[in-house]
Number of protein chains: 2
Amino acid sequence: MFTASKNTAVVALSGGMDSCVTAAIANQGFQVAFAHVNYGQKTESRELKAFNDIADYYKVKERLIIDFNHLSKIGSSSLTDKKISVSKADLNNKEIPTSYVPFRNANILSACVSWAEVLKAKAVFIGAVFEDSSGYPDCRPEFFEVFEQMVDLGSKPGTNIQILTPVINFSKAEIIMKGMELNAPIHLTWSCYQNEDEACGVCDSCALRLRGFQKAGLEDPISYKTKPNYLDVFN
Amino acid sequence: MFTASKNTAVVALSGGMDSCVTAAIANQGFQVAFAHVNYGQKTESRELKAFNDIADYYKVKERLIIDFNHLSKIGSSSLTDKKISVSKADLNNKEIPTSYVPFRNANILSACVSWAEVLKAKAVFIGAVFEDSSGYPDCRPEFFEVFEQMVDLGSKPGTNIQILTPVINFSKAEIIMKGMELNAPIHLTWSCYQNEDEACGVCDSCALRLRGFQKAGLEDPISYKTKPNYLDVFN
C-alpha cells in the first residue's frame, strides 16, 4: 500500500534472491519503482520473468526495462559470451570467477540514477553482496560510497539520491532469513546462471544460494536438477 | 599509424566537434578504440554517420556501438522526448537547458570503462566541455575526478584506467583551433540537436558551435539553414 507521503526509490531488480530481499527492504520505507537490466546474459528471459513476477507480487506499476547490448558485445564473461562456458562452482576459489561482467554494477546504477533523477527519487537500492559472494570488485562497499559521491556531483542541483545496499554485509543465510521475515517472494526468484527451466545446482550462483539455505536449515522453494551438499565447503 | 608499443585508449565519440577534437588528441599518444552511444536522440542516425566517418578518417577498426534505450524511455530531455521540442539557444541563460539528459555521461563512461577493462586500455577519453558549455552537471571537472576513483574501486585488480577530458576547460574557439592544428576532420562532425540534413543554426548546440567559429574568426565547413551572429551575445 503506497501513501503519497512516501519518498520514491528505484530498486535494481535482477530477479535473483538478493535483489528480491533488497526490494522487500526498500518496500518498507519507500514507494518503489523497479528497474531491470537485460544484458545478453544466457538466462535473460528467465530473469525477466522473475522480475515481472516479483513486480506483480508487490503490485509495482513503475517498471523500467533497460536493454544493454554492449556488455554482451564486449564479452569476456561466461554470462554473456557464448564461447565461455559457465563453470561449476568452486566456493574455495579466491579468484574473480569467469562469470564476472566488467563494471556491470556501474552500468546498472548509472541507468537507475538517470531514472531516479527524473522520478525525483531519493534512493537507488541495489542488492549487492560482498562478504558471502563471488568476490566481484564492483560489489565492494567502498565502490558504492564513491559512486554516491559521483552521483551528487553529476546530477542536477537539488537532486539528492542515496545509493543503498542493505544486504551488502549479509551472508546468504541472513538474506534468506530476512526474506522470510519480510515475506519476500523467494519462490519467484531465479539465480541460476546456466539454465532457464530448472536450476542446475552446480554453477556459482546456485551453489551460493543452496549453501545459504543449507546453513539456514531451510528448504529452497525452487527446484534443482541436482542439490549437492555445500556445507562441507569452507564456511 | 599504430605501433604495438602504444597503450590503448577508448574514446567516447558522439560525432560532434568536441569529441572529434578529443579523438584527435587521444590519437597522438594512444592506439584508439572508438565507442558511440545511440540513446534515442532525435539526430541519432546522423550522429552515427558522423561517428563512422570520423572512425574511417582515423582508420579505426575497433568500434563499439552501444544502444541505450532507457534514456529515451525515461524522457525528460528535449533530445530524447518527442513531447519536448528542442528550444532555440539562449546563450545568456544560466539554467540547465531542456536538452539535458539526466546523468548521461555516467551512463556513457560506465559502458566505455567496461569495454576498456576488456581491452586492457589505460584510458577513457570523453570530450566534455565545462566552461563554454550548456552547464550540464555531468560535465563538471570534479565529477570526472570522482568517476575515476569509482573506476579504481569497481574494476578488476590490475586495471588502471584514467578518465581523460582534455578539452574540458577549452572554449569552443580553442577547441576549433586545436582541431585545426591536429587536422581533425571537423567537416565530418555533426552538432545540431534538431536536424539531420542541414544544421538548424539556432539550437543550443549550433549556437555554441557557430559562436566558437565566429570568435576564432573562421568559417565552419558544414552548412547551416541560418547563420545568426552570436558574437553580440555575452562573452
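As the structure is a computational prediction, the values presented were derived from the model and not from experiment. (Residues numbered from 1 in each chain as written. Chains lettered and ligands numbered in written order. Predicted model: local features only at pLDDT ≥ 70, side-chain atom pairs only at ≥ 80, totals over all residues.)

Before going further, it helps to examine the relation of the copies chain A and chain B. Structural alignment of chain A on chain B gives an RMSD of 0.0 Å, achieved by rotating through 180° and translating 0.0 Å along the axis. Here the two chains are linked by the operation of a two-fold rotation axis. When the interface residues of chain A are mapped onto chain B, 100% of them again lie at the interface, so the same face is used by both copies. (Least-squares fit on C-alpha atoms with pLDDT ≥ 70 in both. Contact = placed C-beta atoms within 7 Å.)

Every contact between the two is made by 37 residues of chain A and, on the other side, 37 residues of chain B. Of all elements in the fold, only β3 (63-67), α3 (70-74), α4 (104-119) and α5 (141-154) of chain A reach the threshold of two or more residues within the side of chain A that touches chain B. Considering every element that reaches the side of chain A that touches chain B, the biggest residue donor is α4 of chain A, with ten residues. Grouping the amino acids of the side of chain A that touches chain B by side-chain chemistry returns 19 nonpolar, eleven polar and seven charged. (Helix = DSSP H or I, 4+ residues; strand = E, 2+ residues; numbered from the N terminus. Nonpolar A, V, L, I, M, F, W, Y, C, P; charged D, E, K, R; others polar.)

Right, let's get into the environment of Lys-42 of chain B. All names here are of chain B. Summarising the element assignment, Lys-42 is placed in the loop between β2 (31-38) and α2 (44-57). Given 20 C-beta atoms within a 10 Å radius, Lys-42 is considered buried. Other than its neighbours up to four places away in sequence, Lys-42 contacts Leu-79, Tyr-193 and Gln-194. (Buried ≥ 20, exposed ≤ 12 C-beta atoms within 10 Å, placed from the backbone.)

This part is about the nonpolar core. By size, the foremost hydrophobic cluster in this structure holds 157 residues, and its most contacted members are Val-124 of chain A together with Val-124 of chain B. For this core, the element with the most residues is α4 of chain A, which contributes nine residues. Aside from chain neighbours lying at most four places away, what touches Val-124 of chain B is Ala-9, Val-10, Ala-12, Leu-109, Cys-112, Val-113, Ala-116, Ile-161 and Ile-163 of chain B. (Core = buried A, V, L, I, M, F, W, Y, C linked by C-beta atoms within 7 Å.)

Let us now look at the packing of helix α1 (residues 17-29) of chain B against helix α6 (residues 172-181) of chain B. Residues and elements named next belong to chain B. Remark: α1 packs on α6, axes separated minimally by 9 Å, with the N-to-C direction vectors making an angle of 40°. Regarding the angle of α1 to α6, the classification is oblique. α6 is crossed by α1, and the crossing has left-handed handedness. On α6, the residues touching Met-17, Asp-18, Cys-20, Val-21 and Ala-24 of α1 are Ile-175, Lys-178 and Gly-179. Grouping the constituent residues of the contact of α1 with α6 by class yields five nonpolar, one polar and two charged. (Axes fitted to C-alpha atoms, helices over the stretch in contact; angles between N-to-C directions. Parallel < 35°, antiparallel > 145°, perpendicular 65-115°, else oblique. Left-handed = near helix turned anticlockwise from the far one by under 90°.)

Residues and elements named next belong to chain A. Spatially, β3-β2-β1-β4-β5 is the arrangement adopted by the five strands of the open sheet, whose pairing is parallel. Only two strands of the sheet have a single partner each, and these edge strands are β3 and β5 (162-164). Sheet twist, expressed as the mean angle between neighbouring strand axes with direction ignored, is 25°. In this sheet, β5 lies alongside strand β4 (residues 123-126) in parallel orientation, the contact comprising three bridges. In the strand pairing of β5, Ala-123 is matched with Gln-162. (Pairing = 2+ DSSP bridges.)

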